Amino acid sequence: MITVPVVAQVKEPVEDTLEYYYYIIEGDTIARSHIDLDEVLILGRLKFDNDLERRKYLILRRKTLKVYPYAKLASDRLVELNDRLGQIKSRRDRKRYTKIVQNYIENEFSAELKKLTRTEGQILVKLIHRQTGTTTFDLVKDLKSGWRAFWYNTTASMFDISLKEEFNPAGNQEDYLIEDILQRAFQSRQLEKQPSALDFDFLELTDKWSSPKKSDRKS
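So, here is what we can say about the structure in this document. Source: prediction; values computed, not measured. (Residues numbered from 1 in each chain as written. Predicted model: local features only at pLDDT ≥ 70, side-chain atom pairs only at ≥ 80, totals over all residues. Heavy atoms only, no water.)

## Digging into unusual backbone geometry
The phi torsion at Arg-189 lies on the positive side, around 65 degrees, for a residue other than glycine. Note on placement: Arg-189 falls in the loop between helix 6 (173-187) and helix 7 (202-210). (Helix = DSSP H or I, 4+ residues; strand = E, 2+ residues; numbered from the N terminus.)

## Observations concerning the pattern of salt bridges
A complete count under the given rule lists eight salt bridges for this structure. Glu-192 is the partner of Lys-72 in a salt bridge, and the nearest nitrogen-oxygen pair spans 3.9 Å. Residue Lys-72 is found in helix 1 (residues 51-86), and its partner Glu-192 is found in the loop between helix 6 and helix 7; the two are separated by 120 residues along the sequence. Judged by its relative accessible area of 17%, Lys-72 falls in the buried class. Judged by relative accessible area, Glu-192 falls into the exposed class, the value being 56%. Two residues, Arg-130 and Glu-179, come together in a salt bridge whose shortest N-O distance is 2.7 Å. Within this pair, whereas Arg-130 is found in helix 3 (residues 118-132), its partner Glu-179 is found in helix 6, the two being separated by 49 residues in sequence. Glu-179 sits in the buried class, given a relative accessible area of 1%. (Salt bridge = Lys/Arg side-chain N within 4 Å of Asp/Glu carboxyl O. Buried < 20%, exposed > 50% of the residue type's maximum accessible area, 1.4 Å probe, protein only.)

## Describing the nonpolar core
Core analysis: the largest hydrophobic core is formed by 23 residues, its most contacted members being Leu-127, Ile-178, Leu-182 and Leu-191. Those elements that provide at least two residues to this core are helix 1, helix 3 and helix 6. For this core, the element with the most residues is helix 1, which contributes eight residues. The contacts of Leu-182, once residues within four sequence positions are left out, are Thr-64, Tyr-68, Leu-127, Arg-130 and Leu-191. Of all hydrophobic cores here, the second largest spans five residues; its members include Val-125, Phe-137, Ala-156 and Leu-163. (Core = buried A, V, L, I, M, F, W, Y, C linked by side-chain atoms within 4.5 Å. Contact = heavy atoms within 4.5 Å.)

## Brief notes about the environment of Leu-113
Looking at where Leu-113 falls in the secondary structure, it is placed in helix 2 (residues 91-113). C-alpha separation for the pair Leu-113 and Leu-124, spaced eleven residues apart in sequence, amounts to 9.2 Å.

Here it is as structure tokens:
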């Protein structure tokens, strides 16, 4: 589809200027006086029961904004590399490519990931699940042998981090708050907007967690 802006002068009965956008679809030209815009979420002002809750949110916000770029980059790389691996038919070539992938991921991310705190690492794991719809454990397992994935999970567990952790804003209020932080950062263009691969309605979750009868919080 090609969009071509054209300005036309209309002088009868009143001189005016109208801007039209012409959509060329399969050889047909369709004039429209407006263009479709991206959906914009109206986010209300956050309310906290006390200063402790406010401080916890600000800490979570700082950690989420720090980790999200790593989660987006890591998930993009993992999905792309898994797709390429699926296109290789030869077992020998797959093994060779898997080794290249292993070295690539470790070299690109290991140094930075080692700088993360335990809570930042766990947020990273959750956000990778948000981005891809697949847990970090399963993504790594697809690229490496099963025992390598198990080793990764065991190592992470030493720091109280599980690579099998899922992002669940419907059942975990902290995960909802992470999504709230992301949506606000997307609107302010602080982060590059990217929809979640998971199926949930953020506005419905906002109503749920804003309800006076909300579930016990998990932090």
